[in-house]
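Coordinates in review
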Amino acid sequence: MLDQTDTSSNTSTPGAHTTTTTATTSHNGGDGCLASQPQVLGSVSGTGTGTGCFARVAKRPVVHEGGRGEMKRVLQCFSNDVVIISAALSCSYTVAQNQRLSMVVCVGCRNCTISILDSVVLTSRTVRMVNCDSCTLEIEDVDARKVECYGTVNSKVVVLGDEALLENVRILWREGCSGNTVQRAEMSNTLLSYTLRYKVLNTLEVPPSITAKQWCTSLFPINYIHNVLLATANDDGLVKVTSEGEVILEQLNRVTQACLPEDDAHNLPMGLPTTEAILRSLSTLRATPFLLSKAELQAAYDAERVEYEDSVSVLQQKVREVAEILKRGSHNVCFTGAGISTSGGIPDFRGPQGMWTLKDKGEHVKGKNVSRARPTLAHYAVTELARRNLLHFIITTNMDGLHLRSGLPPHMIVELHGSCYKEWCRGCGKTHLRSFDVMTGFPNRDHITGRSCKWCHEKLMDTIVHFSDLYRTPMDPMTALYHSRKANAMLVLGSSLNVQSASSYPEKCLGDSASSKLIIVNLQNTPYDSMASVRIYARTDVFMAALMQELGISSFDTEQDCLHSWDPMDPEEQAAKAAKKYNVYTMADDGPPPESILNLIRAGQYSFRNTVETIEKHGPLTMGGD
């Protein structure tokens, strides 16, 4: 039932940044495959072509229509799903939980709140509001480049996230919009909650959009929000895109994708679809039968997570190119994700056996003891390249602390999502490196570890950043953005580039310079592959070993572990922890969890990271890791 027409879902490469990846159509072998294409690792059910597989699958409307006063979470979507919220009154819809879908469209809603959050991946990078009245659209840590509003009145768009993410957002106000506002906000709580609580930082009233004038709202630069005249009308009444509007639409065309019938024509650089055209395309989508079986749809889902590997000859060629780029660069930055740590004993998230992949399949996910992991060859190679001035800064989303354990100086790295070995004092701001896991596991995310700062005696907090959570150290995202913008080359190692706002940093190296290079090394496809100057399918250890050889670095330290030089656990605390049969925490010191939860713990069927449903059923009681 898969449509065999090859319509790649990858966007065109911006400007002069061309990719050297030769796998442009199918990754799964066959007579038509080029010899230089990456080969599939392992096996999957059904047929597919990685991320591009869903371009061969018809769009599926997921419709929530006619709701009255309901609160609903939209879950379990696929990359081809178009979520349509239609004719709702006084409702609240939340699209969350780290899922992938094509687009969210709100049509004819009144007095509703639509929240898209928790690093939801929109494959089209587009959200639409059509003929809505008095609605609130909340977008938090989601790469929504284009928010299109048609005939929308008395509504507001609230955007939350890092500067790296927010500066990409463009809100297009088409004819018939009036009385609307845009707000930039930041999270004001870290509670495990499906209600978004935030503090508004900036508010801007959007001028009415009529035939003669249509507007675009931008959140760049970050310290203010502004409107740009998007389109105006000629004397004959025909809409004409302004010069500023041409620049905006051309930029958006590079990174947003068509996802509804007739969108291919509408998403041309100068295209400005009308309200009637959008409603017609939605009607066509809903009237078109979706013929894929559940098994075929699952096969496409599995194919989206296929891992590929370049042949030896192709890998060597690309390694030589990367080596030359690093030699020429005056400021090379490395961005690392979970894939760099898998060979050290820590599972990734979106691989075939990744934590999120298994969870989506309903399989039990067993956590790993981070302290038993070891830095990998890739970690040691990164440290050696930093020592030799070939890498100048490291940005990581990993919480395992393996970069620092491999000997990388703390001033050369930003751990965007925190470190399980690091505590932060909310009084004096000093950080403390520990030789043990400091994560608390408290479900209310207060992050208090129970220890005090030896300098100011204020309570210490862990530095872990959960979904919809706040940074403990606000300088981290600012530092990461500074180095990303300054970079001549950005080397991405082992990241699927799905989690926002972190995934927005690597592309910042491109800027307006045609000489800047984005290099992506990952077994799976990523949403940013079309922007890469060099795209490599390889395990990080294999790639880094080949790179070190190409650079003439035959030997380097692969034994050092700085963990033992960090502060150990206090003997009294260690004795108290050892005395506990189970490491059980509660939101307050009010006794153990219910017996039903303790039974799950004893059976090995309970994990804090998968307890949202349990918390809702039994109350806010859970356990920490061993």
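Right, let's walk through the structure included here. Worth saying up front: this structure is predicted, and the values here are computed from it rather than measured. (Residues numbered from 1 in each chain as written. Predicted model: local features only at pLDDT ≥ 70, side-chain atom pairs only at ≥ 80, totals over all residues. Heavy atoms only, no water.)

**Some remarks on the overall build of the protein chain**
Of regular secondary structure, the protein chain possesses 14 helices and 30 strands. Looking at the protein chain residue by residue over its 626 residues, the buried ones come to 55%. In the protein chain, the proportion of contacts linking residues at least 24 apart, taken out of those at least 6 apart, comes to 57%. Element-wise, carbon and sulfur atoms account for 51% of the exposed surface of the protein chain, whose accessible area totals about 26,700 Å². (Helix = DSSP H or I, 4+ residues; strand = E, 2+ residues; numbered from the N terminus. Buried < 20%, exposed > 50% of the residue type's maximum accessible area, 1.4 Å probe, protein only. Contact = heavy atoms within 4.5 Å. Areas by Shrake-Rupley, 256 points an atom, 1.4 Å probe, with all protein chains shown as cover.)

**Comments concerning the packing of helix α8 (residues 377-387) against helix α11 (residues 540-550)**
It is the contact of α8 with α11, at a shortest axis distance of 8 Å, that shows an interaxial angle of 35°. Viewed along their axes, α8 and α11 form a crossing whose handedness is left-handed. In this structure, α8 contributes Leu377, Ala378, Ala381, Val382, Glu384 and Leu385 to the contact, and α11 contributes Thr540, Asp541, Met544, Ala545, Leu547 and Met548. Classifying every residue of the contact of α8 with α11 by side-chain character gives 9 nonpolar, 1 polar and 2 charged. (Axes fitted to C-alpha atoms, helices over the stretch in contact; angles between N-to-C directions. Left-handed = near helix turned anticlockwise from the far one by under 90°. Nonpolar A, V, L, I, M, F, W, Y, C, P; charged D, E, K, R; others polar.)

**Regarding the pairing of strand β13 (residues 181-187)**
Along any regular strand the residues' side chains alternate between the sheet's two faces. Burial analysis of β13 places 6 of its 7 residues in the buried class, which makes it a mostly covered element. Direction of pairing for strand β11 (residues 156-160) relative to β13: parallel, over a ladder of 5 bridges. Residue pairing in the sheet places Val158 in a bridge with Gln183 of β13. As judged from the 7 bridges shared by β13 and strand β14 (residues 198-205), these two strands associate in the antiparallel manner. Bridge pairing in β14 links Gln183 to Thr203. (Pairing = 2+ DSSP bridges.)

**A word on the pairing of strand β5 (residues 92-95)**
With 4 bridges connecting them, strand β3 (residues 71-74) and β5 associate as parallel partners. In the strand pairing of β5, Val74 is matched with Val95. The pairing of β5 with strand β7 (residues 113-116) spans 4 bridges and is parallel. Following the sheet pairing, Ser92 is matched in β7 by Thr113.

**Here we look at the pattern of salt bridges**
Here the structure, examined in full by the defined rule, presents 24 salt bridges. Across the pair Asp133 and Arg110 runs a salt bridge, and its minimum N-O distance is 2.5 Å. With Asp133 in the loop between β8 (121-130) and β9 (136-140) and Arg110 in the loop between β6 (100-107) and β7, this residue pair connects regions lying 23 residues apart in the sequence. Here Asp133 falls in the buried class, since its relative accessible area comes to 19%. The exposure class of Arg110 is partly exposed, given its relative accessible area of 45%. With a closest N to O distance of 3.3 Å, Glu163 and Arg485 form a salt bridge. (Salt bridge = Lys/Arg side-chain N within 4 Å of Asp/Glu carboxyl O.)

**Looking at the nonpolar core**
Core analysis: the biggest nonpolar cluster contains 41 residues, and Val104, Ile116, Leu137, Ile171 and Trp173 have the highest contact counts within it. In this structure, Ile171 is in contact with Val147, Cys149, Val157, Val182, Trp215, Cys216, Thr217 and Leu219, ignoring residues within four places of it in sequence. Among the nonpolar cores identified, the runner-up in size contains 39 residues, and Ala323, Ala386, Leu408 and Leu547 belong to it. (Core = buried A, V, L, I, M, F, W, Y, C linked by side-chain atoms within 4.5 Å.)

**With respect to the sheet that holds strand β23 (residues 431-433)**
Strand order in this open sheet of 4 strands is β23-β22-β25-β24, and the pairing throughout is antiparallel. A single partner strand is all that each edge strand has here, and the edge strands are β23 and β24 (448-452). The average angle at which neighbouring strand axes cross in this sheet is 35°, direction not considered. Of the pairings in the sheet, the one linking β24 to strand β25 (residues 459-462) comprises 2 bridges and is antiparallel in character. The residue of β25 that forms the bridge with Ile448 is Met461.

**Focus: the sheet that holds β3**
Reading across the sheet, the 7 strands line up as β3-β5-β7-β9-β11-β13-β14 and stay open at both edges, with mixed pairing between neighbours. Where the open sheet ends on each side, the last strands, each with one partner, are β3 and β14. Averaged over all pairs of adjacent strands, the angle between their axes in this sheet comes to 15°, without regard to strand direction. As defined by bridge partners, β7 adjoins β9 across 4 bridges and the pair is classed as parallel. In the sheet register, Ile116 faces β9, and the bridge partner there is Ile139.

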